[in-house]
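Here are the chains, one letter per residue:
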Amino acid sequence: MSLQVACKASAVASGAVRRAVVDNVMLAIVHAPDGQWYALAGQCSHMGSSLAGGEVIVDGDTCLLRCPGHGALFDVATGRPTTGPAFAPIATYPVVLDGDAVLVDVEGVK
Ligand code: FES
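Residues numbered from 1 in each chain as written. Predicted model: local features only at pLDDT ≥ 70, side-chain atom pairs only at ≥ 80, totals over all residues.

A few words now on the environment of Tyr-38. Structurally, the position occupied by Tyr-38 is in strand β4 (residues 37-41). In this structure, the C-alpha to C-alpha distance between Tyr-38 and Ala-28, residues ten residues apart in sequence, is 8.2 Å. In this structure, Tyr-38 is in contact with Val-30, Ala-32, Val-76, Ala-77, Thr-92 and Val-95, ignoring residues within four places of it in sequence. (Helix = DSSP H or I, 4+ residues; strand = E, 2+ residues; numbered from the N terminus. Contact = placed C-beta atoms within 7 Å.)

As C-alpha cells, then:
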C-alpha cells in the first residue's frame, strides 16, 4: 500500500466533496455526514464531468455523490452508479485518516 497525502481533513467539511490529485490521478474526496471518508475517481464515467463539483447526498444508509454534469448518482463506497445516465462504475481508492491528513492509495484501486 502506498498512501499519499491527498488533502487536509480540516479543508473538507462534513457532507462536502473536494478535488485532489495524487500521482496525476484526479480524485473526488468525500467526507460523508457520518464521518467516513471516501476517495473516488475524479471524473464521471458518463461524459467526464468533475465529480468534485458534485453534491453529497444521503439516502438511508447509503452515501451518494451526484455528478454535476447530468445528475448520475454514485455510491461513494463502491463507485457504482445507482441512476443513469452513467452506467459504468468509477474507481474507488483506500483512504486512511492520519491526524489532519487524508491519505489515499491510488495504487490500491478497487
Ligand atoms: S457527465 Fe456525469 S452524468 Fe453526465
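Past the structure itself, the notes keep going.
Another point: the nonpolar core. By size, the foremost hydrophobic cluster in this structure holds 34 residues, and its most contacted members are Ala-6, Ile-29, Val-30, Leu-40, Leu-65 and Val-104. Listing elements by their share of this core, those giving two or more residues are β1 (4-8), β2 (16-22), β3 (25-31), β4, β6 (62-66), β7 (73-75) and β10 (101-104). (Core = buried A, V, L, I, M, F, W, Y, C linked by C-beta atoms within 7 Å. Buried ≥ 20, exposed ≤ 12 C-beta atoms within 10 Å, placed from the backbone.)

Below, the discussion takes up the environment of Ala-91. With respect to the element layout, Ala-91 can be found in the loop between β7 and β8 (92-93). When the C-alpha positions of Ala-91 and Gln-4 are compared, they lie 17 Å apart, and in sequence the two are 87 residues distant. Beyond its immediate stretch of four places on either side in the chain, Ala-91 contacts Leu-40, Ala-41, Gly-79, Val-109 and Lys-110.

Let us now look at the pairing of β3. Each regular strand displays side chains that alternate between the two surfaces of the sheet. The element β3 is largely enclosed, with a buried count of five among its seven residues. Across seven bridges, β2 lies against β3 in antiparallel orientation. In the sheet register, Ala-16 faces β3, and the bridge partner there is His-31. Connecting β2 to the next strand, β3, in antiparallel fashion are two residues, including Asp-23 with a positive phi near 50 degrees. Of the strand pairs in this sheet, β3 and β4 are connected by five bridges, and their pairing is antiparallel. Paired with His-31 across the bridge in β4 is Trp-37. Where β3 hands over to β4, the hairpin turn is made up of five residues, of which Gly-35 adopts a positive phi near 95 degrees. (Pairing = 2+ DSSP bridges.)

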